[in-house]
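Examination of the molecular architecture
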Amino acid sequence: AGLHAGSTFLGGMMMFGKNNHMDERMLWIRGNVFKHGFILAIVLLMANGLVQDTYGAWATPWFENLLLLIILVTAVSLEMILRDVYAGAPSALKLTVTVMSLCGLVLLVLNLKHIFMDGIPLWQDDMLTTSSSGLLMAAMYLAVPLTYLIRQQVTKRRLANDED
């Protein structure tokens, strides 16, 4: 659980880094991304409340809140990467991608081990188990570096095509 919270905190802090390299247009786009994140936070909280009122808890309270936070951070990170307005210097983005990759891989391996070798179910007592919550977090952590790498390859191909 500490790994989840620590990497989410680090990723969030990277998003709020110095923006000396951004022009007004990039800052405006970035503001819109945060606006989308705020709207998503409201939607996630309302959906969570509706699900809890209708069906009860879908995960332990710690993992409910952590999953909602990670969904939000992942969505904002993906939009920033796709719109090329991720905060901080390129080295900060590479550090964030590296940390999220490592955390995602560790979470994936550990939770797959718990599920397949220890026989822990994905769903128990009408709630996600800790291992299934960890798998969801691993998928979100790995979505950011994958999106970054795909974005880098698309940019390289566009530049190569423009030169031809």
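Residues numbered from 1 in each chain as written. Predicted model: local features only at pLDDT ≥ 70, side-chain atom pairs only at ≥ 80, totals over all residues. Heavy atoms only, no water.

Remarks on the pattern of salt bridges
The criterion, for reference: We define a salt bridge as a contact between a side-chain nitrogen of Lys or Arg and a carboxyl oxygen of Asp or Glu at a distance within 4 Å.
Scanning the model with the defined rule gives two salt bridges in all. One salt bridge in this structure joins Glu-79 and Arg-83, with 3.1 Å as the shortest N-O distance. In this structure, the salt-bridge partner of Asp-118 is Lys-113, at a minimum N-O distance of 2.9 Å.

Some words on the nonpolar core
Heads up, the condition is: To form a nonpolar core, buried Ala, Val, Leu, Ile, Met, Phe, Trp, Tyr and Cys residues must be joined to one another through side-chain atoms within 4.5 Å. Classification of residues uses two cut-offs on accessible area relative to the type maximum, computed with a 1.4 Å probe and protein chains only: under 20% is buried, over 50% is exposed, and between them is partly exposed. Labels follow the DSSP assignment, with helices taken as runs of H or I lasting at least four residues and strands as runs of E lasting at least two, numbered in each case from the N terminus.
Counting residues in hydrophobic clusters, the biggest one holds 29 residues, and the most contacted among them are Met-137 and Tyr-141. At the level of elements, helix H2 (24-55), helix H3 (61-82), helix H4 (90-116) and helix H5 (130-163) are the ones that each hand at least two residues to this core. Among the elements that take part in this core, H3 stands out by supplying eight residues, more than any other.

Considering unusual backbone geometry
Even without being a glycine, Asp-84 presents a positive backbone phi close to 60°. One can find Asp-84 in the loop between H3 and H4. Phi is positive for Asp-125, which is not a glycine, with a value near 55°. Relative to the assigned elements, Asp-125 resides in the loop between strand S1 (123-124) and strand S2 (127-128).

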